[in-house]
Amino acid sequence: IIYVFGTTSSFGAGNEDWVLIRLEPDGSGASAQTYGDADEQDASAIARFADDTLIIAGQTTTQGDGDVAFAFVDASGTLSTPTAIGGAGTDAGLALETENDTFTLLASTTSFGAGGSDAWVIKGGRDGAISSQRALGQSGDDRLVSIRSNWALGTTTIGSDTQMWLVGLAIG
C-alpha cells in the first residue's frame, strides 16, 4: 500500500485539512480521507510503524498561532485524537521517523530555544506520550528540515538546506 499525505482546502471540514490518500501499488483503489476542523491543519510528515500504523504530523491553528500536531492512523484508517503541543510562539512539525514503538518528530519553534526559529526534537511513544524534547539552535533562525537516526549508535542527524548537524541525543 502507498500512502500520500498532504493538505487540502478542496474538501473536508474546514479551511485546510490533512488528507491521507491510500493507493494500491499499481495505482488502483485510490481512496482519500480528510482529518480536521474549522481551523487550519497543515501537513508535513508521515511515517509508518512495522504494524502499518501511521503517524502523521504538521501544524494546527486550533489553539492559536500554530502548534505542532501529530496523530496516529491505524490500518483501517481510523485517526486517533490528534495531539497539539507548543508554546506562545509558532511551532510546526516538519519531519518524522519511527523505530519499534517510538517516534522522533523534528519541528520548528519560536516558543522555545535560544531565539528566532529553532529546531525542536520531540521523542515519544505509540501511546502519544512525549518522553523527551529538546530545542536546538542559536540566537538567529535555525531552519532544519530532515532527520535520520542511527538507533544502534544513539545519534540523530538533522539537516537543513545549507548545513548538516550531527547531534548525539539519548534515544529511548
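A brief report on the enclosed structure follows. (Residues numbered from 1 in each chain as written. Predicted model: local features only at pLDDT ≥ 70, side-chain atom pairs only at ≥ 80, totals over all residues. Heavy atoms only, no water.)

### So, the overall build of the chain
Reasoning step 1: Scanning the chain from N- to C-terminus turns up zero helices and 14 strands.
Reasoning step 2: Secondary structure elements in the chain, listed N-terminal to C-terminal, are β-β-β-β-β-β-β-β-β-β-β-β-β-β.
Reasoning step 3: Across the 172 residues that make up the chain, the buried fraction comes to 40%.
Reasoning step 4: Considering only contacts within the chain whose residues lie at least 6 apart along the sequence, 35% involve residues at least 24 apart.
Reasoning step 5: Put simply, the chain shows about 8,400 Å² of open surface, and 47% of that area lies on carbon and sulfur atoms. (Helix = DSSP H or I, 4+ residues; strand = E, 2+ residues; numbered from the N terminus. Buried < 20%, exposed > 50% of the residue type's maximum accessible area, 1.4 Å probe, protein only. Contact = heavy atoms within 4.5 Å. Areas by Shrake-Rupley, 256 points an atom, 1.4 Å probe, with all protein chains shown as cover.)

### Things to note about the side chain of Asp17
Reasoning step 1: Along the chain, Asp17 turns up in strand β2 (residues 17-23).
Reasoning step 2: Buried and unpaired, Asp17 has Arg22 as its nearest opposite-charge partner, separated by 20 Å.
Reasoning step 3: There is a polar contact of 2.5 Å between the side chain of Asp17 and the backbone nitrogen of Ala13. (Lys, Arg positive; Asp, Glu negative; His and termini not counted. Salt bridge = Lys/Arg side-chain N within 4 Å of Asp/Glu carboxyl O. Polar contact = N/O pair within 3.5 Å; in protein donor to acceptor, adjacent residues only side chain to side chain.)

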